[in-house]
Each structure stands twice: as C-alpha cells, then as structure tokens.
Amino acid sequence: DGALALALPTKFGQSLVVASTTKNTILWKSISNEGFVWFEAEFIIDTALKIFSENTSDIAVRLVQVLEALQQLNPTLFETHKGYTLTTTLEFPENWGLGSSSTLINNLAQWAQVDAFKLLELTFGGSGFDIACAQHDSGILYQLDRGNPSIKSAVFSPPFLDSLFFVHRNQKQNSRDGIKAYKRLTKNQKIDFSALNRLTLDLLNCTDLKIFEALLEQHERYISTLIQQPTLKEALFSDYKGAIKSLGAWGRDFFLA
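Residues numbered from 1 in each chain as written. Predicted model: local features only at pLDDT ≥ 70, side-chain atom pairs only at ≥ 80, totals over all residues. Heavy atoms only, no water.

Engineer: Would you explain the pattern of salt bridges in this entry?
Structural biologist: Evaluated as defined, the whole model comprises six salt bridges. The residue Glu68 makes a salt bridge to Lys50 at a minimum N-O spacing of 3.0 Å. Placement of the pair is Glu68 in helix H1 (residues 58–73) and Lys50 in the loop between strand S4 (37–45) and strand S5 (51–52), with a sequence separation of 18 residues. In this structure Lys50 comes out as partly exposed when scored by relative accessible area, which is 47%. A salt bridge links Lys233 to Glu217, with the shortest nitrogen-to-oxygen separation between them at 3.5 Å. Taken together, the positions of Lys233 in helix H9 (residues 232–236) and Glu217 in helix H8 (residues 209–227) put the pair 16 residues apart, joining distant regions of the chain. Classification of Lys233 by relative accessible area gives buried; the value is 18%. (Salt bridge = Lys/Arg side-chain N within 4 Å of Asp/Glu carboxyl O. Helix = DSSP H or I, 4+ residues; strand = E, 2+ residues; numbered from the N terminus. Buried < 20%, exposed > 50% of the residue type's maximum accessible area, 1.4 Å probe, protein only.)

Engineer: Whenever I open this one, the sheet that holds S4 confuses me. Can you help?
Structural biologist: Sheet strands associate in pairs through backbone hydrogen bonding, adopting either a parallel or an antiparallel arrangement. With mixed pairing, the five strands of this open sheet are ordered in space as S2-S6-S3-S4-S5. This sheet does not close on itself; its edge strands, each paired only once, are strand S2 (14–21) and S5. Across the sheet, H1 is in contact with strand S3 (25–31), S4 and S5; its angle to S4 comes to roughly 50 degrees. (Pairing = 2+ DSSP bridges. Contact = heavy atoms within 4.5 Å. Axes fitted to C-alpha atoms, helices over the stretch in contact; angles between N-to-C directions.)

Here it is as structure tokens:
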C-alpha cells in the first residue's frame, strides 16, 4: 500500500533449467533441496496454443495459470519451439516460506523475457517486494509508488549482525491469505505510513542493538494495531528477553529474533 520496506534477500534461492523438445508438451519437474522430485506433471500445448493438464492438483492448476500468463505476456513463447522441459531445483526445504513462488516467477520471467512484476500481477499477486529480492544480491528499500515498484539498493550491515537470528516456525503461511485478511481490515481506510517509513529508515541506519530492538518493537506494535492481531512476542514468546519481529504473513514461516 505504499509503505517503505527494508528487504534482505536470503542466500538460498531456486534455479530453473529449460530445454527444448520436439513434443507439443511442457514436462515440468520440481526437485527438492535434497535432490528428490517432489512434483512433476505434463502440460499439453494444443494447436490453439492453449495449455492444459490431466493433473488436477492445486500445484498443476496454478502452473497452468502461470504458463498461460507467460504466453499472454510473450505470445510467441510456445510458437518458437514445439515444447520444453522445465526443471526447478530448490535450495531450501519446500515447507519453508522463503520465496519459492517469487523465485519461480522471477526465473520464468527471465526465461520468457517478460516483466516479472507483470507476471506476478497476473498470477500470485502481492506487492512485488519478493520479486525485487529475487533480482538483487544486496539489501533493498522497496516501495510502491502509485502501484509501480521503486527499488533502491541499501547496505544493511550493523555491528550486531551476529546477534540477529532467523527462526523457522514450521507454520507455512499462504501469503495470499494474509494479504486478503489485511485488505478486508483496511478497505475503508487511507493510511498514513509516514511514521512507519521513518522507523524503516531508522532500522536501516541503526548501529546500537538496544535501540534496534526498541525500533523493532515499535514496528511490531504499529503492524499489530493495523491488522488487529497480537504481536508474535505477546502471543508466544512473552518470556524472551530480546525483540521478535514477524516476517512474511505475520508470524508464520520465519521470524527475526
């Protein structure tokens, strides 16, 4: 909604390997970080370049939507070759909410030579900050300006880096559900994010751990009030002496301690 975000890409990502075939099909294979195939399907490209699959799983249905969106953005994609094999390999467990969708969308957009943000808009939706992370190796400041992404490189290297821990909760959250819940709560509000934006810049430039913790807690309280949910620390970790910051769709997936 136009608030300024500090985003830090993770070291783990996802690769995509594409090969041309002579069949009018797309053979899809998803490989886990441990090397086993956790999803595979065959998608048929008919004479009208319509894509369909006999696999009716949620993943297959979603992939048909993504492939059709790719074709919409690049109508010649499936005309150049008869078919493809697409193999994706994760560098992190698939139950980690660490950007499996956004890295996939970015990789597919690079392959098809289309705008990754437009592909996201036609498929998963969201602000696009995770797409920006997939495109950068350093920290970024991300903001939507009238719906358009504004991305600036940011150096986040405070002296207390070794005191920051990312903890996996094993509670994978669908970001789309989190966005829907937020939209419901704020649909009749015009929110002034100036206080939140100042906090983001203060967090980026902070060099003292205690001040950083206090800023994180202010940020958590702001979001907590906005989405009408208790902070993660209040809900689960009230006896923890440091600060806890929710990430992703508020308190699932990972948090920063």
